[in-house]
Amino acid sequence: MIRAPSQEMTGQGQRAMAWTWPVLGLAMIILPIVYPNPYILRLVILTFIWIGVNQCWNLVMGVAGIFSLAQLALFAIGGYTSAMLALYLGLPPWITMFLGGLAAVLASVVVGLPTLRLRGVYVVLLTLAFHEILRVLIGTDQTGLTGGAFGLYNVPTFGAEVFGKRAEIMFHYYFAMILSALTVWAIYRVTLSPIGLAFQALRDSEGYAVARGISPFRYRILVFAISAFFTGLIGAFYAHYLRTISPSVLSFGLMMNLMAMIVVGGWGTFGGPILGTVLLVALSEVLHSVEQLRLILLGLAMILVAVLFPSGLVKVFADLGRRFRQWMDGSE
Amino acid sequence: MSAPLVQSIVSGLLLGSIYAMMAMGLTLIYGALRMLNLSHGVLFMIGGYVAWTVATYLGLHPLVGLILAFGVVFFIGLAIQRVVVRPLLGKSGWEINTIVATLGVSIVLENVMLLTFGARQKSLPPMVEGSFALPNGVVVTYHELVIALVAVASLVGMSIFLSRTRHGLAIQATAQNRDAAHLMGVNVDQIFALILGVSSGLAAVSGVLLAAFYFLSPTVGGVPQLKALLVTIFGGLGSAKGTIYAAYTIGLLEALVSLYLGAKWALPVLFVFMIVVLIVRPSGLFGLGEETRL
């Protein structure tokens, strides 16, 4: 049985999407021109970064139903690989970014080979353990190669700063936007492709999918690798954009924050992670000064959504929208 | 045997005792409800804070704190059953939704504790002061003895409770077949509440006992929870006997790795060990064929 979230990805939602996405895209393109506030632009860049990562995570968790917690570890691997190659070998960040993505793919295959044969809770634990180990190993690294607990500084940039501060942030803004859009688009295509259908089939009824000739293991490694590539790429962008990367990207708090974004928006849906990311980045801006209160609200939101609206806010909004249209039709 | 080796075996057995208590709670919940409780580490931490409050503000003996911690966290467990388990029971996506919801619970509780007690680390006095030396010079504190005693006593008590008492048998029946137990007149809702309460209480007790070693802070539960989860998997999810064997194996392994390679490598070695075990025996040491049942 195909569940409601995937319908939004393949069918009904498309009509609404045909309008929503171009309008949103256009608004994002003209934003830095009409309102070049560096603070807001940096915030939007960060939103782009997390939208990309969340969309990748959602492909693994929501679409393919693999409850992996290794997404930020892959993000960090991409970032660290690219930063270290650029720092120590002097390679241009344009090239190291892709190497970062490939390193993340490699890591995902190494993690995936033993874990993806297992199911449900086992995957949760082994991927969580992988994340923890990476954090501990980098945090306690004494060789100076990864910078230990303080992280790497002076990571080479893409070189846009020679055109001035304003051009630099514009460059990063559009770069992040294109990267994020590319990721979202690629994952959308994958989800609609026969491969994506195979993922969803495996999620919804593994036994039946296997009987129809889908190899669960091979497809799960594939989904892991696809999602890892884009995550690594974005991780690399993150390192070169901020000029630094430290084990703080592996903090449990950040992981929970990203997961809450997906859950609140609605995992397994196309728009869910995007909506959730925007909402929670905005929330954390509003409650910037009271960190604990923000986290308590975040936790409450996770409980509330998991217990009351397991398909996320996107579903709630879609239902409201449909009711509104029905009400409009009825009143005419 | 050399003194450092004996010392690390002693600490391995201690770690094992505490892992066994924590993992026992997780196994109980997993066995009966097929639910991974990711708020276990936070309950562990809260137990420590309850005992600390009792010892510092009321000036009572930490042992009183231990008992109170069990009581307080028992009720938090009941609350989790009310808020998370009961509304989600029998709905689709149970496994994922309970993971997300218990993560939410842990974030909320952790930050409530941070707001109440602040981030500064607290230390809890040991249960009993003093220590004695083994013939070859290895020092064992009385507190460590208390830990081992409490752990073994609660594990034995647990197994007697599960196999001899009415409620214990009801828990086992519910774990084996929820519907059949229900038909036999077991109040499943009540049993789930009992399971959540007891398992949370066990987490709190291990939190109190461990607090004398580590400093208490609101984030202290994360690593013990991860290790308890590894123990639970290694022992075969939902198998009580396997959990106890696994806890001592992992405790000893961790102590030996720390001795020979350094504490930093404990988690990575455990991880690799886990992967090897899961490849050879996908359902853990005493797994009950969860692979097909999950």
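Residue positions within a chain follow its written sequence, with the count starting from 1. Ligands are numbered from 1 and chains lettered from A, in the order in which they are written. Given that this is a predicted model, residues contribute local features only at a pLDDT of at least 70 and side-chain atom pairs are listed and counted only at 80 or more, while totals for whole chains, interfaces and linings are drawn from all residues. To obtain the side-chain values, all non-hydrogen atoms of the structure were used and water was disregarded.

A.B. asks: Would you mind going over the overall build of chain B in detail, with residue names and values included?
C.D. replies: Helix and strand counts for chain B stand at twelve helices and two strands. Numbering of helices and strands runs from the N terminus; a helix is a DSSP stretch of H or I covering at least four residues, while a strand is a stretch of E covering at least two. Counting from the amino terminus, chain B carries its helices and strands in the arrangement α-α-α-α-β-β-α-α-α-α-α-α-α-α. Each radius of gyration is computed over the set of C-alpha atoms, and the globule rule expresses the reference value as 2.2 Å times the number of residues to the power 0.38. Taking 294 residues into account, the globule formula puts the C-alpha radius of gyration at 19 Å, and chain B, at 19 Å, falls close to it. Taken over the C-alpha atoms alone, chain B extends approximately 60 × 50 × 35 Å along its principal axes.

A.B. asks: Mind laying out empty space enclosed by the protein, listing which residues take part and the relevant values?
C.D. replies: Residue and element names in this part refer to chain B. The way it works is a 1 Å grid over only the protein atoms, where trapped points that fit a 1.4 Å probe form a cavity and open points with protein on both sides within 12 Å along at least five of seven lines form a pocket, and then any residue with an atom within 4 Å of a point lines it. Grid points are joined across faces, edges and corners, and a volume is the space filled by probe spheres set on the points. Under the defined criterion, the tally for this structure stands at one cavity of 30 Å³ or more. Each pocket or cavity is described by its volume, and for the largest cavity that value is around 40 Å³. Contributing to the lining of the largest cavity are Phe-44, Gly-207, Leu-210, Ala-211, Tyr-214, Phe-215, Leu-216 and Val-220.

A.B. asks: Lay out the nonpolar core with the relevant residues and their values.
C.D. replies: Within the largest apolar cluster, 194 residues are counted, with the highest numbers of intra-cluster contacts made by Trp-50, Phe-237 and Met-259 of chain A together with Leu-33 of chain B. Listed in part, the five residues of the second largest apolar core include Ile-51, Val-184, Phe-270 and Ile-274 of chain A. Only buried Ala, Val, Leu, Ile, Met, Phe, Trp, Tyr and Cys residues count toward a nonpolar core, and they belong to the same one when joined by side-chain atoms within 4.5 Å. Only protein chains enter the area calculation, which uses a 1.4 Å probe; residues under 20% of their type maximum are buried, those over 50% are exposed, and those in between are partly exposed.

A.B. asks: Tell me about the packing of aromatic side chains, and please be specific about residues and values.
C.D. replies: For any two aromatic rings, the description comes down to two numbers: the centre-to-centre distance and the angle of the planes. Residue and element names in this part refer to chain A. Any two rings among Phe, Tyr and Trp, with Trp reduced to its six-membered ring, count as a pair given centres within 6.5 Å; such a pair is stacked if its planes are under 30 degrees apart, edge-to-face if over 60, and tilted if neither. Summed over all chains, the structure comprises 23 aromatic pairs over all chains. When the ring of Phe-158 is compared with that of Phe-175, the centres are 4.8 Å apart and the planes differ by 55°; the resulting orientation is tilted. Within this pair, whereas Phe-158 is found in the loop between helix H6 (120–139) and helix H7 (165–192), its partner Phe-175 is found in helix H7, the two being separated by 17 residues in sequence. Classification of Phe-158 by relative accessible area gives buried; the value is 9%. Phe-175 gets classed as buried once you look at its relative accessible area, which sits at 14%. One aromatic cluster is present, built from ring pairs that chain together Trp-94, Phe-158, Phe-171, Phe-175, Phe-237 and Tyr-241.

A.B. asks: Just give me the short version of a nonpolar patch on the surface, but keep the residues and values in it.
C.D. replies: Residue and element names in this part refer to chain A. There is a patch of nonpolar side chains on the surface, built from Tyr-88, Leu-89, Leu-91, Trp-94, Ile-95, Leu-99, Leu-102 and Leu-145 and spanning about 760 Å² of accessible area. Looking at the nonpolar patch element by element, the count peaks at four residues for helix H5 (residues 93–115). Relative to the elements of secondary structure, Leu-99 occurs in helix H5. A patch consists of residues exposed above 30% relative accessible area that lack any salt bridge, with like charges linked at up to 9 Å and nonpolar side chains (Val, Leu, Ile, Met, Phe, Trp, Tyr) linked at up to 5 Å. To be clear on the numbers: accessible area is Shrake-Rupley with a 1.4 Å probe, and residue cover counts the displayed protein chains and nothing else. In what follows, salt bridge is the name for a side-chain nitrogen of Lys or Arg lying within 4 Å of a carboxyl oxygen of Asp or Glu.

A.B. asks: Quick rundown of the packing of helix H6 (residues 166–176) of chain B against helix H8 (residues 188–211) of chain B? Include the residues and the values.
C.D. replies: Residue and element names in this part refer to chain B. Between N-to-C directions, angles span 0 to 180 degrees; the directions come from axes that are lines fitted to C-alpha atoms, helices contributing only their stretch in contact. Axis separation between H6 and H8 bottoms out at 10 Å; the angle between their running directions is 105°. When the interaxial angle is binned, H6 and H8 end up roughly perpendicular. Here His-167, Ala-170, Ile-171 and Thr-174 of H6 lie close against H8, whose contacting residues are Val-188, Ile-191, Phe-192, Leu-194 and Ile-195. Throughout, the ten residues Ala, Val, Leu, Ile, Met, Phe, Trp, Tyr, Cys and Pro are labelled nonpolar, Asp, Glu, Lys and Arg are labelled charged, and all others, Gly among them, are labelled polar. Broken down by class, the residue content of the contact of H6 with H8 amounts to seven nonpolar, two polar and no charged. When an angle is under 35 degrees it counts as roughly parallel; over 145 it counts as roughly antiparallel; between 65 and 115 it counts as roughly perpendicular; any other value is oblique. The contact criterion used throughout is that any non-hydrogen atoms of two residues lie within 4.5 Å.

A.B. asks: Talk me through the environment of Ile-262 of chain A; I want residue IDs and the actual numbers.
C.D. replies: Residue and element names in this part refer to chain A. Within the element layout of this structure, Ile-262 appears in helix H11 (residues 252–265). Taking C-alpha positions, Ile-262 is 12 Å from Val-60, a pair spaced 202 residues apart along the chain. In contact with Ile-262, not counting residues within four places along its chain, are Asn-54, Trp-57, Asn-58, Met-61, Trp-267 and Pro-273.

A.B. asks: Hey, could you go over the pattern of salt bridges for me, with residue numbers and the actual values?
C.D. replies: Enumeration over the complete set of coordinates arrives at six salt bridges over all chains. Asp-319 of chain A serves as the salt-bridge partner of Arg-322 of chain A, at 3.6 Å between the closest nitrogen and oxygen. Of this pair, Arg-322 of chain A and Asp-319 of chain A both sit in helix H14 (residues 312–331), three residues apart, which is roughly one turn of that helix. With a relative accessible area of 41%, Arg-322 of chain A lands in the partly exposed category. Residues Asp-189 of chain B and Arg-86 of chain B are paired through a salt bridge, measuring 2.8 Å at the closest nitrogen-oxygen approach. Taken together, the positions of Asp-189 of chain B in helix H8 and Arg-86 of chain B in helix H3 (residues 62–88) put the pair 103 residues apart, joining distant regions of the chain.

A.B. asks: Could you give an account of helix H5 (residues 142–164) of chain B, with specific residues and numbers?
C.D. replies: Along its 23 residues, H5 of chain B runs 32 Å from first to last C-alpha, staying within 8% of the 33 Å computed at 1.5 Å per residue. Looking at the buried residues of H5 of chain B, the elements they touch are helix H1 (3–33), strand E2 (139–141), H6, H8 and helix H10 (240–260) of chain B. Any helix carries an expected span of 1.5 Å times its number of residues minus one.

A.B. asks: For the interface of chain A and chain B, give the residues involved together with the corresponding values.
C.D. replies: Frequently, the measure chosen for interface size is the accessible area removed from exposure when the parts meet. Each partner contributes to the interface: chain A provides 35 residues, whereas chain B provides 40 residues. With both sides pooled, the region where chain A packs onto chain B buries about 3600 Å², and carbon together with sulfur makes up 83% of that total. The interface formed by chain A and chain B holds zero salt bridges in total. Under the rule applied, a polar contact is a pair of N or O atoms within 3.5 Å (in protein, one hydrogen donor and one hydrogen acceptor; residues adjacent in sequence only if both atoms are side-chain atoms). The interface formed by chain A and chain B holds zero residue pairs in polar contact (both at pLDDT 80 or more) in total. Of all the secondary structure elements, the ones that give two or more residues to the side of chain A that touches chain B are H6, H11 and helix H13 (291–308) of chain A. The leading source of residues in the side of chain A that touches chain B is H6 of chain A, at 13 residues. In terms of residue class, the side of chain A that touches chain B is built from 27 nonpolar, four polar and four charged. The term buried area denotes the loss of accessible surface (1.4 Å probe radius) that occurs when two parts are joined, taken as the sum for both partners.

A.B. asks: Mind laying out the confidence of the model for chain A, listing which residues take part and the relevant values?
C.D. replies: Residue and element names in this part refer to chain A. pLDDT expresses, on a scale from 0 to 100, how confident the predictor is about each individual residue. Confidence in the prediction for chain A averages 83 pLDDT; 93% of positions are at 70 or higher. When the elements of chain A are averaged for pLDDT, helix H1 (residues 4–10) gives the smallest value, 45, and helix H4 (residues 71–89) the largest, 92. Across residues 1–14, where pLDDT falls below 50, the model places 30 contacts with residues more than four positions away in sequence or in other chains.

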